[in-house]
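# Inside the fold
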Amino acid sequence: MKQNTPILLLLWSVLMATQLNGQNCGTEVTVNQYNLLSRTRIERQSFDSYRFKTSDTIPIALHIVRKSDGSDAPKLALLKYALNNLNSAFTKANIVFTYCGEPEYIDDDRFYNFRKADEPLLADSRDEDGAINVYITQSITNFSGSQLCGYTYMPGAKDRIFMSSSCLGNGTTFAHEMGHYLSLYHTHGVDFNQPELVNGSNCEIAGDEICDTPADPNLLGEVDNCTYDGNKKDANGDLYQPDVHNIMSYSVPNCRYEFSDGQIARMQYSIENDHPNLKCNNKVASFLANPLDEYSDISIYPNPTQGMAQIKFSETIPEGSYISIYNAFGKLMKQQVINPDLAGGVYQFDLSGFGKGIYFVYLKNGTKISMKKLLYQ
Ligand SMILES: [Zn+2]
C-alpha cells in the first residue's frame, strides 16, 4: 500500500482534473436570449441590491429520474445537502430556495442516463408553472456525446435546470447553473460580446457585462491549487488576474464559492423582472423536515470538542471524496479533499475561530453522503 501512494496520488490528480472541471456546464446562450438581456443591460447593472426584499422562498419543483423498476434514486440526504449548498452560495444575495411540494419520481430507464436530445420527451409534460423545475438524472450527455454536470436556460426560455446526481454534491455546479438561470453569463463572457480588458475600461459592454468581476480569459485548465497559473494577456498586453473563487467561472468547483455584488444585483433584478411568477403555493417537501440519515462509516472524537477534533474513517475512502463542515445555519465553514492515503486513517481539524455551537460534518463520496453532528463547546 505504502509504495503505491505516489501512483495513487497521480491517479487522483488526473481524476480530479477530469471529474471536477468547470467545462461540464452545458448552458448555451442563444442570440434571442442575448438580445433580450441586452435590452435591459443598464437596468441590470444599476439595480439597487439594498432594495431587494423577498418574503417568499424561491420554489424548486424536483423531478427525479430513477430506473424503470424504481431503484437507484439519489439519497434524500444528497438532495438536502445540495439545497444547503445552494442556499449557502446565495446567503449574501438574500435569496432562499426550497423544494416546493413532494419530489416527482420518474421511473424510466430511457432517461436515467439522460441524453439532452430527449429533453422534450422528459420535461415538456412535467414542468410545473411558477417553479424552477430541477430534473435530476444519473448522468447527462450532450448532443456531441460529451458528459455534462448540468445545464439550464437563460431568461426568456424554459424554467428548467438539469443536474446529474454525480455533480449535485460537488459544491457549486448547482449554484452555477442557478446563476445562469438568473441571467448571469460566465465570468469569461458570452460569445456575442468582445473580451473584457484587464483595466476594466470596457467592462460594461464586454465579457460578462459586470464590472466588479475581473477580466477572465476562461479558466478551464488554468487553475492549480485554487490559483490561476495561466499567463494570458489581453489586447493591451496586460496579464489577466481573474477571480478563481467566482461561482460563474470555469475554475475548479471546489475553489468556487462566491458571487460578486454586481452579479448579486443582476440576479435580484432577474428574480423581480424575468421570473416574477416564482411562488411556492405548496407545502415544502416533507423530507426537508426530517433529520438526515446518519451513517456509520465515519466517527468523530472527541464529541463534544473544545476545538480540535478527529474524523476516523471505518472504510476505504475513494479518490475524490471530501469533508465539508457546515454551521447550524447551513453556512459552509470548511471543505477539504481527502487524499487516498488517508483512507483507513484519521483526519484532524480545528474548529477554534468558528464560534461555539453545533456543526454538521459531511463526508461526500460521489452520491453517497455521511453526516455527523459535532458540538463545539
Ligand atoms: Zn456555465
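Conventions we followed
Residues numbered from 1 in each chain as written. Predicted model: local features only at pLDDT ≥ 70, side-chain atom pairs only at ≥ 80, totals over all residues. Heavy atoms only, no water. Helix = DSSP H or I, 4+ residues; strand = E, 2+ residues; numbered from the N terminus. Buried < 20%, exposed > 50% of the residue type's maximum accessible area, 1.4 Å probe, protein only. Contact = heavy atoms within 4.5 Å. Donors = N, O, S within 2.8 Å, 3.2 Å for Na, K, Ca; no water. Tetrahedral: all angles 85-135°; square planar, octahedral: opposite > 155°, others 65-115°. Core = buried A, V, L, I, M, F, W, Y, C linked by side-chain atoms within 4.5 Å. Domains from an automatic or database assignment. Disulfide = S-S within 2.5 Å. Pairing = 2+ DSSP bridges. Axes fitted to C-alpha atoms, helices over the stretch in contact; angles between N-to-C directions. Parallel < 35°, antiparallel > 145°, perpendicular 65-115°, else oblique. Left-handed = near helix turned anticlockwise from the far one by under 90°. Nonpolar A, V, L, I, M, F, W, Y, C, P; charged D, E, K, R; others polar.

What the protein contains, in helices and strands, is nine helices and 18 strands. The 377 residues of the protein split such that 51% are buried. When contacts within the protein are restricted to residue pairs at least 6 apart in sequence, long-range pairs at least 24 apart make up 70% of them.

Time to look at the coordination of the zinc ion. For the zinc ion, the protein coordination sphere consists of Cys25 (SG), His176 (NE2), His180 (NE2) and His186 (NE2), at 2.0 to 2.1 Å. Given four donor atoms and angles of 92 to 126° at the metal, the environment of the zinc ion is assigned as tetrahedral.

Let's shift gears to the environment of Lys356. Turning to its location among the elements, Lys356 is positioned in the loop between strand E16 (346-350) and strand E17 (357-365). The sequence separation of Lys356 and Tyr376 amounts to 20 residues, and the corresponding C-alpha distance is 5.1 Å. With residues up to four places along the chain from it excluded, the contact list for Lys356 reads Tyr376 and Gln377.

What follows is about the nonpolar core. Ranked by internal contacts, the top residues of the largest apolar core, which has 50 residues, are Ile60, Phe90, Phe97, Tyr99, Ile132, Met178 and Phe259. It is helix H4 (residues 76-89) that provides the largest number of residues to this core, a total of seven residues. Inspection of this core shows a minimum of three residues originating in each of domain 1 (20-184 + 259-273) and domain 2 (294-376). Ignoring any residue separated from it by four or fewer positions in sequence, one finds Phe259 in contact with Ala89, Phe90, Lys92, Ala175, Leu184, Asn246, Ile247, Met248, Ile264 and Met267. Residues Ile300, Ile311, Phe313 and Leu374 belong to the second largest nonpolar core, which totals 16 residues.

As enumerated under the stated definition, the model contains four disulfides in all. Paired through a disulfide, Cys149 and Cys167 show a sulfur-sulfur distance of 2.0 Å. Since a negative S-S torsion denotes a left-handed disulfide, the Cys149-Cys167 link at about -60° is left-handed. You can see Cys149 sitting in the loop between strand E7 (147-148) and strand E8 (150-152) and its partner Cys167 sitting in helix H7 (residues 165-168), a full 18 residues away along the chain. Residue Cys167 is classed as buried on the basis of its relative accessible area, which comes to 8%. Disulfide partners in the protein, listed by the sequence order of the bonded cysteines, are 1-8, 2-3, 4-5, 6-7.

The sheet built from three strands is open, its strands ordered E4-E6-E7 with mixed pairing. Every other strand in the sheet has two partners, leaving strand E4 (113-115) and E7 as the edge strands with one partner each. As defined by bridge partners, E4 adjoins strand E6 (residues 139-141) across three bridges and the pair is classed as parallel. If you follow Arg115 over to E6, its bridge partner there is Thr141.

Turning our attention to unusual backbone geometry. Looking along the chain, the bond that leaves Tyr301 and enters Pro302 is cis, with omega of -10°. Turning to its location among the elements, Pro302 is positioned in the loop between strand E12 (298-301) and strand E13 (308-313). A cis amide bond links Asn303 with the next residue in sequence, Pro304, at an omega value of 10°. By the element assignment, Pro304 lies in the loop between E12 and E13. A positive phi angle is found at Asp72, which is not glycine, with a value near 65°. Within the secondary structure, Asp72 is located in the loop between strand E1 (58-66) and H4. In this model, Glu209 sits at a positive phi of 65°, which is unusual for a non-glycine residue. In this fold, Glu209 is placed in the loop between helix H8 (173-181) and strand E10 (223-224).

Now for the sheet that holds E12. Strand order in the open sheet made by the three strands is E12-E13-E16, with antiparallel pairing throughout. The open sheet is flanked by E12 and E16, the only strands paired with a single partner. Put simply, the sheet's adjacent strands are angled 20° from each other on average, direction ignored. Pairing geometry for E12 and E13, over four bridges, is antiparallel. The residue bridging Tyr301 from the neighbouring strand is Gln310, located in E13.

Contact geometry of H4 with H8 gives a least axis separation of 8 Å together with a crossing angle of 55°. With respect to their mutual orientation, H4 and H8 come out oblique. Once H4 is placed against H8, the crossing between them reads as right-handed. Residues Ala82, Leu86 and Ala89 of H4 lie in contact with H8, whose contacting residues are Phe174, Ala175 and Met178. Taken together, the residues of the contact of H4 with H8 break down into six nonpolar, no polar and no charged.

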